[in-house]
Amino acid sequence: MMRTATFTATGMTCQHCVASVTKEVSELDHVTSVTVDLPTGKVTVESDAPIPADEVITAIDKAGYPAVLTH
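Throughout what follows, the structure given in this document is the object of discussion. (Residues numbered from 1 in each chain as written. Predicted model: local features only at pLDDT ≥ 70, side-chain atom pairs only at ≥ 80, totals over all residues. Heavy atoms only, no water.)

## Things to note about helix α2 (residues 53–62)
For α2, the full list of buried residues reads Val56, Ala59 and Ile60. For α2, the buried positions fall inside an angular range of 100 degrees around the axis, keeping them on one side. In α2, the exposed residues that point more than 90 degrees away from the buried face are Asp54, Thr58 and Lys62. Once α2 ends, the next one or two residues include Gly64, with phi positive near 110 degrees. (Buried < 20%, exposed > 50% of the residue type's maximum accessible area, 1.4 Å probe, protein only. Helix = DSSP H or I, 4+ residues; strand = E, 2+ residues; numbered from the N terminus. Arc of directions from axis to C-beta.)

## Notes on the packing of helix α1 (residues 15–26) against α2
One way to put it is that α1 packs onto α2 with a least axis distance of 8 Å and a crossing angle of 140 degrees. Here α2 runs oblique to α1, going by the angle between their axes. Once α1 is placed against α2, the crossing between them reads as right-handed. Between α1 and α2, the residues in contact are Val21, Glu24 and Val25 and Val56, Ala59, Ile60 and Lys62, respectively. Partitioned by chemical class, the residues of the contact of α1 with α2 number five nonpolar, no polar and two charged. (Axes fitted to C-alpha atoms, helices over the stretch in contact; angles between N-to-C directions. Parallel < 35°, antiparallel > 145°, perpendicular 65-115°, else oblique. Left-handed = near helix turned anticlockwise from the far one by under 90°. Contact = heavy atoms within 4.5 Å. Nonpolar A, V, L, I, M, F, W, Y, C, P; charged D, E, K, R; others polar.)

## Overview of the sheet that holds strand β2 (residues 31–37)
Spatially, β2-β3-β1-β4 is the arrangement adopted by the four strands of the open sheet, whose pairing is antiparallel. Two strands lie at the open edges of the sheet, namely β2 and β4 (67–69), each paired on one side alone. The sheet shows a mean angle of 25 degrees between the axes of neighbouring strands, direction not considered. Taken together, the six bridges between β2 and strand β3 (residues 42–47) define a ladder with antiparallel strand orientation. Bridging from a neighbouring strand, Asp37 pairs with Lys42 of β3. Sheet strands in contact with α1 are β2 and β3, and its direction is about 160 degrees off that of β2. (Pairing = 2+ DSSP bridges.)

This is a description of form; function is not addressed.
This is the structure in structure tokens:
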């Protein structure tokens, strides 16, 4: 069963930002897909197991962008 969570990251301004966030979040266990919408800052994460929000937020932060769980 796929699970999806959406986060909002602030401060992303270009495709390099998107690539950095995508790379960091993709390295988390069980993450199968990461979609970043640059204009809105929405980061949608799909996983084949429960998604630990704190780990995703830490990964986005590691890429250099503060993030919060949207829903």
